[in-house]
Amino acid sequence: MAHYRFDNLLGAPYRGGNLCVRGTKLLTSIGNRVTEVDLTLSSCATLPSENLTEIQCVAVSPSGSHMISFDTDGRAILVNLRKRVVLHHMNFKAKVFACEFSPCGRSFAVCAGKTIQIWATPTMLKEFAPFRLLRQYGGMYDDATCVGWSADSRWVIVGSKDLTARVYSANHVEGYAPPTLAGHREPLVHVAFAGENGDACFTVSKDGAVFEWRLEEAEEEPQERGDSARRKNKSLAKTMTKRWRMCGKHFFHQPAKLTCADYHRATGLLCAGFGHGVFTMHRLSPDSFEHVQTLSVSQEKVSACAFDETGDWIALGCAKLGQLVVWEWQSEAYVYKQQGHYFDVNACAYAPDGSMLATAADDHKVKVWSATTGSCFVTFAEHAAPVSAVAFLPTGHALLSASLDGTVRAFDLMRYRNFRVLTSPDPSQFVSLAVDPTGEIVCAGSLDTFQIFIWSLKTGRLLDILAGHQGPVTSLAFSPESASLASGSWDKSVRLWDVYEGRGQTDVLPHAHDVLALAFRPDGKQIAAATLDGQVFLWDPSDAKLEGTIEGRRDMAGGKIVGDLRSGANVAAGERF
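The present account deals with the structure reproduced in this document. Everything numeric here is computed off the predicted structure, so don't read it as measured data. (Residues numbered from 1 in each chain as written. Predicted model: local features only at pLDDT ≥ 70, side-chain atom pairs only at ≥ 80, totals over all residues. Heavy atoms only, no water.)

Regarding the overall build of the protein
Part 1 of the reasoning: Of regular secondary structure, the protein possesses three helices and 48 strands.
Part 2 of the reasoning: Structurally, the protein occupies a C-alpha span of about 110 × 55 × 35 Å along its principal axes.
Part 3 of the reasoning: Residues counted as buried form 51% of the 577 residues belonging to the protein.
Part 4 of the reasoning: Counting contacts in the protein only where the partners sit at least 6 residues apart, residues at least 24 apart contribute 41% of the total. (Helix = DSSP H or I, 4+ residues; strand = E, 2+ residues; numbered from the N terminus. Buried < 20%, exposed > 50% of the residue type's maximum accessible area, 1.4 Å probe, protein only. Contact = heavy atoms within 4.5 Å.)

With respect to the pattern of salt bridges
Part 1 of the reasoning: Taken as a whole and judged by the stated rule, the model has 13 salt bridges.
Part 2 of the reasoning: The salt bridge involving Arg33 is made with Glu50; its shortest N-O contact spans 3.5 Å. Of this pair, Arg33 sits in strand β3 (residues 33-38) while Glu50 sits in strand β4 (residues 43-50), placing them 17 residues apart in sequence.
Part 3 of the reasoning: Here Arg33 falls in the buried class, since its relative accessible area comes to 12%.
Part 4 of the reasoning: Glu36 is the salt-bridge partner of Arg84, the closest N and O atoms lying 2.9 Å from each other. Placement of the pair is Arg84 in the loop between β7 (75-80) and β8 (85-91) and Glu36 in strand β3, with a sequence separation of 48 residues.
Part 5 of the reasoning: Taken together, the salt bridges that share partners define one network made up of Asp71, Asp73 and Arg75. (Salt bridge = Lys/Arg side-chain N within 4 Å of Asp/Glu carboxyl O.)

Regarding the packing of aromatic side chains
Part 1 of the reasoning: Per the counting criterion, the structure on display carries 20 aromatic pairs.
Part 2 of the reasoning: Between Tyr137 and Tyr168, the ring centres sit 5.0 Å apart and the planes meet at 20°, which makes this aromatic pair stacked. Of this pair, Tyr137 sits in strand β12 (residues 132-137) while Tyr168 is found in strand β15 (residues 165-169), placing the two residues 31 residues apart along the sequence.
Part 3 of the reasoning: Taken together, a centroid distance of 5.6 Å and an interplanar angle of 90° make the contact between Phe430 and Trp455 edge-to-face. Placement of the pair is Phe430 in strand β37 (residues 430-435) and Trp455 in strand β39 (residues 452-456), with a sequence separation of 25 residues. Trp455 shares its class with Phe430; the two are buried.
Part 4 of the reasoning: Sitting above the plane of the Phe6 ring, Arg33 keeps its charged end 3.9 Å from the centroid.
Part 5 of the reasoning: A cation over an aromatic ring shows up here: Lys337 above the ring of Tyr334, its NZ or CZ 4.7 Å from the ring centre. (Phe/Tyr/Trp six-rings, centres within 6.5 Å; stacked < 30°, edge-to-face > 60°. Lys NZ or Arg CZ within 6 Å of the ring centre and 35° of its normal.)

What about the side chain of Gln338?
Part 1 of the reasoning: Inspection of the secondary structure puts Gln338 in strand β28 (residues 333-339).
Part 2 of the reasoning: Its relative accessible area of 9% is what places Gln338 among the buried residues.
Part 3 of the reasoning: A polar side-chain atom of Gln338 sits 2.8 Å from the main-chain amide nitrogen of Cys376.
Part 4 of the reasoning: Here Gln338 is in contact with Pro13, Gly322, Gln323, Leu324, Trp369, Ser375 and Cys376, once residues within four sequence places are set aside. (Polar contact = N/O pair within 3.5 Å; in protein donor to acceptor, adjacent residues only side chain to side chain.)

Considerations on the sheet that holds strand β38 (residues 441-446)
Part 1 of the reasoning: Spatially, β37-β38-β39-β40 is the arrangement adopted by the four strands of the open sheet, whose pairing is antiparallel. Each of the sheet's edge strands pairs with one partner strand only, and the pair in question is β37 and β40 (462-466). Neighbouring strand axes in the sheet, compared pairwise and without regard to direction, differ in orientation by 20° on average. (Pairing = 2+ DSSP bridges. Axes fitted to C-alpha atoms, helices over the stretch in contact; angles between N-to-C directions.)

Thoughts on a positive patch on the surface
Part 1 of the reasoning: Where like charges cluster on the molecular surface, the positive patch consists of Lys95, Lys161, Lys206 and Lys301.
Part 2 of the reasoning: You can call Lys206 partly exposed: its relative accessible area is 39%. (Patch = residues over 30% accessible without salt bridge, like charges linked within 9 Å, V, L, I, M, F, W, Y side chains within 5 Å. Areas by Shrake-Rupley, 256 points an atom, 1.4 Å probe, with all protein chains shown as cover. Lys, Arg positive; Asp, Glu negative; His and termini not counted. Charge placed at Lys NZ, Arg CZ, Asp CG, Glu CD.)

Considering a nonpolar patch on the surface
Part 1 of the reasoning: Side chains of Trp490, Leu516 and Leu532 sit close together on the surface and give an oily, nonpolar patch of about 280 Å² of accessible area.
Part 2 of the reasoning: Topologically, Leu532 is positioned in the loop between β46 (527-531) and β47 (535-540).

Some remarks on the sheet that holds strand β41 (residues 473-478)
Part 1 of the reasoning: Pairing within the open sheet is antiparallel, and its four strands lie in the order β41-β42-β43-β44. Unpaired on one side and paired on the other, β41 and β44 (504-510) mark the two borders of the sheet. Within the sheet, the average angular offset between the axes of one strand and its neighbour, ignoring direction, is 20°.
Part 2 of the reasoning: Inspection of the sheet shows strand β42 (residues 484-489) paired to strand β43 (residues 493-498) by six bridges, in the antiparallel sense. Paired with Gly488 across the bridge in β43 is Val494.

Shown next as structure tokens:
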């Protein structure tokens, strides 16, 4: 029995959530899975672990050994990144907006609802209760949106939708009251400590305002405290006698809202992304806000940004376009640039040698992906309507695509150009495509005229038009051994044609439901036809006899879902045909 194992996920480099860069590895969330991108090899690999729903945020430990991912329902999984094994599961029972490991790696902070929770990092050993809650703080009037650690892992700053930021202690400090940093007019997007002592911080809000805060000596002295107690706990007395004060206000002055930001403590650089596809870089220092660079990535909003450990690279993600960019700001060059399909993918095809994979989508584009690296290396955008089918030539040096714009285009994969355009006498919308084993004959089935068009790829001349179907021709397949073409249609039939000798239709294979897909056996002695009722019919093409049927409806319908009041046989979720 065949054993199928998940290998990789292509077509969407980024679909939302935050970005994490550790060394030369970039972690990005795609739906309910996490993809690891190697920036030196320009390759990507999707982790085998998966959350139950779409991932909201991802955090990686400083050592790069642990990764924790949270879905939209507050459920988290802890993964060993080096072995790619799920260690533990945890339900935080609240929507988690942000998570960050402490610089020492011993704990991590989670923004769960209106609270901030500090948890001890689980070990690699098997434990009954691996997640251990160290601290939990409240006091916020709305959801917490961002979190940042001080360099010494003693303090945590949290930004909230209530337009304020609060500084909490990661360890127990008797009598400590978390200060509130207020003044912003819109919810906070990013908060971060500056320097090594945790005595300065920055808060960034959606309206493009950056506030600079410093811990300064207060005028009043602590009361009812003797000299002996002050000598015992000098750090407490120093904290109690200081107060956070706003030292500066800076503004980006961009026409769109600020959507994401990231601060690099070592270099003092602040990267901010905006809703009109522009990101800016500024160097922050006491009482200065120096502009470094401004660049436009796309026309849609920048959903996430993150610095690497050295501060030389910036990772940017656009969720609406499925775009992922890594920018080296000093040399002003792209380190990595990928973009998935904007709309739904309609068809895909493997190259004969298995090294490439082509996809066609409703965004009028054809993309070719490397099967080994998982990266898209060429995009063809010549079509003017959704692309419905793709097929490689037997040599693997060219790619064919059929579109609803009434053209079949041939692309050269050596020079990356469109070298042939095949059209019909009257405008037709093509939904199916097939190439004969020699690579000289191309066939396409139409959606509106119910005809099959046959061209010569060498000359581009229309050779024949096959008529007979009474519905859209949704599938075509050439026999690998004989000179016959099989076509499936929504008119509930499979028809066999003699293309080379021009004898036209030879046989009709009737079905009870619409035919959706066709495939010949490698030896050409059997045809498999999939129909709308979930069945696969096996036919002998030589004498048009039915040899067998595979019932697939039960496998696709599924069983009873948790919470259903009815049995699996009567559940509405299984009624798909």
